[in-house]
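# Working through the structure, step by step
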Amino acid sequence: QVQLVESGGGLVQTGDSLRLSCEASIRTFSSNAMGWFRQAPGKEREFVAGIAWTGSIIDYADSVKGRFSISRDSAKKTVYLQMNSLKPEDTALYYCAARPGYGVWTGARDYRYWGQGTQVTVSS
């Protein structure tokens, strides 16, 4: 059974940094594309960042380019999202997601497995 567990969220101020972690209990972790999505109240779930098997292919939403960085550690079966220069508009519940296949996908419906989310709140 696949399980994704996010951690690292919290309450911070504008300009602060956070590192989110997603630990995956997936035997074939290295064969899964991983992604981060976020959803604010009343809004649709949106793509934040994605990374392929080896980390050689990475994609970011325009809103976070230059501020966020996604990475993965296959030995630990963990994917990270380093968030810098946080803004109030980054406030959301952040989800980790996974899907078999090599590449990067930006649509929520493209992902097969999801974590429960970790809350990130950025105050002014």
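Summarised in this report is the structure supplied together with it. (Residues numbered from 1 in each chain as written. Predicted model: local features only at pLDDT ≥ 70, side-chain atom pairs only at ≥ 80, totals over all residues. Heavy atoms only, no water.)

### With respect to the state of the cysteines
Put simply, the rule reads: Note that a disulfide, as used here, is simply two cysteine sulfur atoms within 2.5 Å. Secondary structure is summarised from DSSP: a helix means a run of H or I of at least four residues, a strand means a run of E of at least two, and numbering begins at the N terminus for each. Buried residues are those whose accessible area, probed at 1.4 Å on protein chains only, stays under 20% of the maximum for their type, while exposed residues exceed 50% and partly exposed ones sit between those limits.
As enumerated under the stated definition, the model contains 1 disulfide in all. The disulfide that involves cysteine 22 links it to cysteine 96, with 2.1 Å between the sulfurs. Note on the cysteine 22 and cysteine 96 pair: the S-S dihedral is about -80°, so by sign convention the disulfide is left-handed. Here the residue cysteine 22 occupies a position in strand S3 (residues 18–24), and cysteine 96 occupies one in strand S9 (residues 92–100), the gap between them amounting to 74 residues. For the pair shown, cysteine 22 and cysteine 96 are each scored as buried.

### Points about the nonpolar core
Rules: In this text, buried Ala, Val, Leu, Ile, Met, Phe, Trp, Tyr and Cys residues form a nonpolar core when linked through side-chain atoms within 4.5 Å. The contact definition used throughout considers only heavy atoms, calling two residues in contact when any of these lie within 4.5 Å.
Residues Met34, Trp36, Leu81, Met83 and Tyr94 are the most contacted members of the largest nonpolar core, which totals 33 residues. For this core, the secondary-structure elements that each account for two or more residues are S3, strand S4 (32–39), strand S5 (46–51), strand S7 (68–73), strand S8 (78–83), S9 and strand S11 (118–123). The element that contributes the greatest number of residues to this core is S9, accounting for 5 residues. In contact with tyrosine 94, other than residues within four places in its own chain, are Glu6, Leu20, Trp36, Phe37, Arg38, Val48, Phe68, Leu81, Met83, Gly117, Thr118 and Val120.

### A few points about the pattern of salt bridges
Filter applied, for reference: Salt bridges are defined by distance alone: a side-chain nitrogen of Lys or Arg within 4 Å of a carboxyl oxygen of Asp or Glu.
Applying the stated criterion across every chain yields a total of 4 salt bridges. Between glutamate 46 and arginine 38 there is a salt bridge, with the nearest N and O atoms lying 2.7 Å from each other. Glutamate 46 sits in the partly exposed class, given a relative accessible area of 36%. The exposure class assigned to arginine 38 is buried, which follows from its relative accessible area of 6%. For aspartate 62, the salt bridge is made with lysine 65, and the minimal N-O distance between the two is 3.2 Å. Residues participating in the shared-partner salt-bridge network are Arg38, Glu46, Arg67 and Asp90.

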